[in-house]
Amino acid sequence: MSTDNNDDLRARYEAAFMPNYGVPPLALARGEGATVWDVDGNAYLDLIAGIAVSSLGHGHPALVRAVAEQAAALAHTSNLFLQEPEVRLAETLVELAGGDARVFLTSSGTEANECALKLAIKYGKTHGRSSFVATENGFHGRSMGALSLTGKKAIREPFGPFAIDVRFVPYGDAAALEAAVTEDCAALFLEPTQGEGGVVPPPDGYFAAARRVCDATGALFVADEIQSGIGRTGTWFAFQHDDARPDVLTLAKGLGGGLPVGACLAFGEHGGIFAKGDHGSTYGGNPVAAAAALAVLATVDKDGLLANATRVGDALAAGIAAITHPLLAGVRGRGLWRGVVLTEAAAPAVEAAARAAGFLVNAVQPDVIRLAPPLTLTAEQAQTFVDALPAILDTALDTALHAAKEH
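Q: Can you help me understand the packing of helix α3 (residues 61-73) against helix α10 (residues 287-302) in this one?
A: It is the contact of α3 with α10, at a shortest axis distance of 8 Å, that shows an interaxial angle of 155°. Classified by the interaxial angle, the pair formed by α3 and α10 is roughly antiparallel. Crossing of α3 against α10: the hand is right-handed. Two secondary-structure elements touch here, α3 through A62, L63, A66, V67, Q70 and A71 and α10 through P287, V288, A291, A292, A295, V296 and T299. Split by residue class, the contact of α3 with α10 holds 11 nonpolar, 2 polar and no charged.

Q: What exactly am I supposed to notice about the sheet that holds strand β9 (residues 248-251) here?
A: Strands pair in a sheet through their backbones, by hydrogen bonds, and they do so in one of two ways: parallel or antiparallel. Spatially, the 7 strands line up as an open sheet ordered β4-β10-β9-β8-β7-β5-β6, and their pairing is mixed. Edge positions in the sheet fall to β4 (101-106) and β6 (165-169), since each has one partner strand and no second. Neighbouring strand axes in the sheet, compared pairwise and without regard to direction, differ in orientation by 20° on average. With 6 bridges joining them, β4 and strand β10 (residues 262-267) adopt antiparallel strand pairing. Paired with V103 across the strands is L265, a residue of β10. Its contacts with the sheet place helix α4 (residues 84-96) against β4, β9 and β10, and it is angled at close to 130° to β4. Here helix α5 (residues 109-127) sits on the sheet in contact with β4, β5 (131-135), β7 (185-190), β8 (220-224), β9 and β10, set at roughly 160° to β7.

Q: Help me out: how do you make sense of the environment of R370 in this one?
A: Relative to the assigned elements, R370 resides in strand β15 (residues 368-371). For R370, the residues in contact, after removing those within four places along its chain, are L47, I48, I51, G195, E196, V199, Q227, W337, R338, V361, N362 and V364. Of the polar contacts made by the side chain of R370, one reaches the side chain of Q227; its length is 3.2 Å.

Q: In this structure, what is going on with the side chain of D224? I would like to understand it.
A: By the element assignment, D224 lies in strand β8. Polar side-chain contacts of D224 include one of 2.7 Å to the side chain of H140. Each residue touching D224, except ones within four places of it in the same chain, is listed here: N113, F139, H140, L190, E191, P192 and T250.

Q: Help me out: how do you make sense of helix α12 (residues 347-356) in this one?
A: Since there are 3.6 residues in each turn of an α-helix, residues three or four apart along the chain are aligned in direction. Listing the buried residues of α12 in full gives A347, A349, V350, A353 and A354. Projected down its long axis, α12 shows its buried positions confined to an angular sector of 155°, all on one face. Seen from the buried face of α12, the exposed residues on the opposite side, beyond 90 degrees, are P348 and A356. Once α12 finishes, G358 follows within two positions and takes phi at roughly 100°, a positive value.

Q: Explain the sheet that holds strand β14 (residues 362-365) to me, please; I cannot follow it from the model alone.
A: If you walk across this open sheet you meet the 4 strands as β11-β12-β15-β14, and the pairing is antiparallel. Because the sheet does not close on itself, it has two edges, and the strands there are β11 (328-334) and β14. If you compare each strand with its neighbour and ignore which way they point, the axes differ by 30° on average. By the bridge criterion, 6 bridges tie β11 to strand β12 (residues 337-342) in an arrangement that is antiparallel. The partner of V331 across the bridge, within β12, is V340. Packed onto the sheet, α12 meets β12, β14 and β15 and runs at close to 170° relative to β14.

Q: Hey, could you run me through the pattern of salt bridges in this one?
A: Working definition: two side chains of opposite charge can pair if their charged atoms are close together. Tallied over the entire structure, the rule returns 11 salt bridges. Between E196 and R370 there is a salt bridge whose closest N-O contact spans 2.8 Å. Placement of E196 in the loop between β7 and α9 (206-217) and of R370 in strand β15 is noted, with a sequence separation of 174 residues between them. The pair formed by E196 and R370 is uniform in burial state, with each residue classed as buried. The closest approach of N and O atoms between K302 and D303, which form a salt bridge, is 2.9 Å. On the accessibility criterion, K302 (65% relative accessible area) is exposed.

Definitions and limits used
- Residues numbered from 1 in each chain as written.
- Predicted model: local features only at pLDDT ≥ 70, side-chain atom pairs only at ≥ 80, totals over all residues.
- Heavy atoms only, no water.
- Axes fitted to C-alpha atoms, helices over the stretch in contact; angles between N-to-C directions.
- Helix = DSSP H or I, 4+ residues; strand = E, 2+ residues; numbered from the N terminus.
- Parallel < 35°, antiparallel > 145°, perpendicular 65-115°, else oblique.
- Left-handed = near helix turned anticlockwise from the far one by under 90°.
- Contact = heavy atoms within 4.5 Å.
- Nonpolar A, V, L, I, M, F, W, Y, C, P; charged D, E, K, R; others polar.
- Pairing = 2+ DSSP bridges.
- Polar contact = N/O pair within 3.5 Å; in protein donor to acceptor, adjacent residues only side chain to side chain.
- Buried < 20%, exposed > 50% of the residue type's maximum accessible area, 1.4 Å probe, protein only.
- Arc of directions from axis to C-beta.
- Salt bridge = Lys/Arg side-chain N within 4 Å of Asp/Glu carboxyl O.

In structure tokens form, the structure reads like this:
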């Protein structure tokens, strides 16, 4: 086992890896529940959970047991053969989503969205539709297909042009959806809440309005629930808050609890759009990843983690909202998926101050901190962050003022 400290590992990382991530500030060594430790022995409350991935926290016995037992029995088959874990996972997802669906399993959220895009392209060609609609500042992945639907200009535009015609509309504007989703539109791609955009929820009824627009025009309604799915907002899927089931649903992140797995579900007749040979994945449906996902789904259900996400998430938001601070503008989101909104672009300084205080958060936008902790987070753990936040904001504000003076 390596005895390198944080600085040593960061230097090795910088020398070995492409510079697209920069150099992460910490080298983590282990975790238990909602707590992680770095290689220097410092403990942190993990309030980002690997970007909404570690839904059961770290080292959960059910997940460890499922992965170990499946790896010992059969670790990989490819799609040339089938095995029971992948079948049970697909069946379970269909049941949780309301039935009448068929599934394609992937290794990531981007791949799930690529699958959805290919479905939509084939649907469009069959029905004489060639355009797509997505939202400004939306995020659907970084591969070329998913990136073409991503509305964040800074990461999209350097890699254009793209092979499909996408109309981008303001998020949360139902009238803009109605104007853009016309008879020539193959599909609308929509997040129930914009994640990378800064945990931006839409107005009430927006998702239901999107469903009505697609029904009226015949466009496919694709819901990207890569971040919001698997209990993050207090229901299995965020679309269930509006009772507005999409035609296609994409999942990943929290589904595997730390193992790489994603899924694309197509409902009703749309589940038969692909023919044999239209799509594939060597690792999709991997038995170890499927076993992990089954353990996550079973544990979320058995341990009441949907209710916990609502209860603890609401308490966390209420605690933050009660704080009066010149750097704090408010908090938004649902369940254990919250955006702490700042009055100025000081999110990196808040992230650094939180880390120094023993909390891991994410500066998802210049003026927004994202919180997406394990669904197992307790009210007591959430309160420790609320109690520490005023001092964290003080430190960040001092940092921002000092930086302003230097400039």
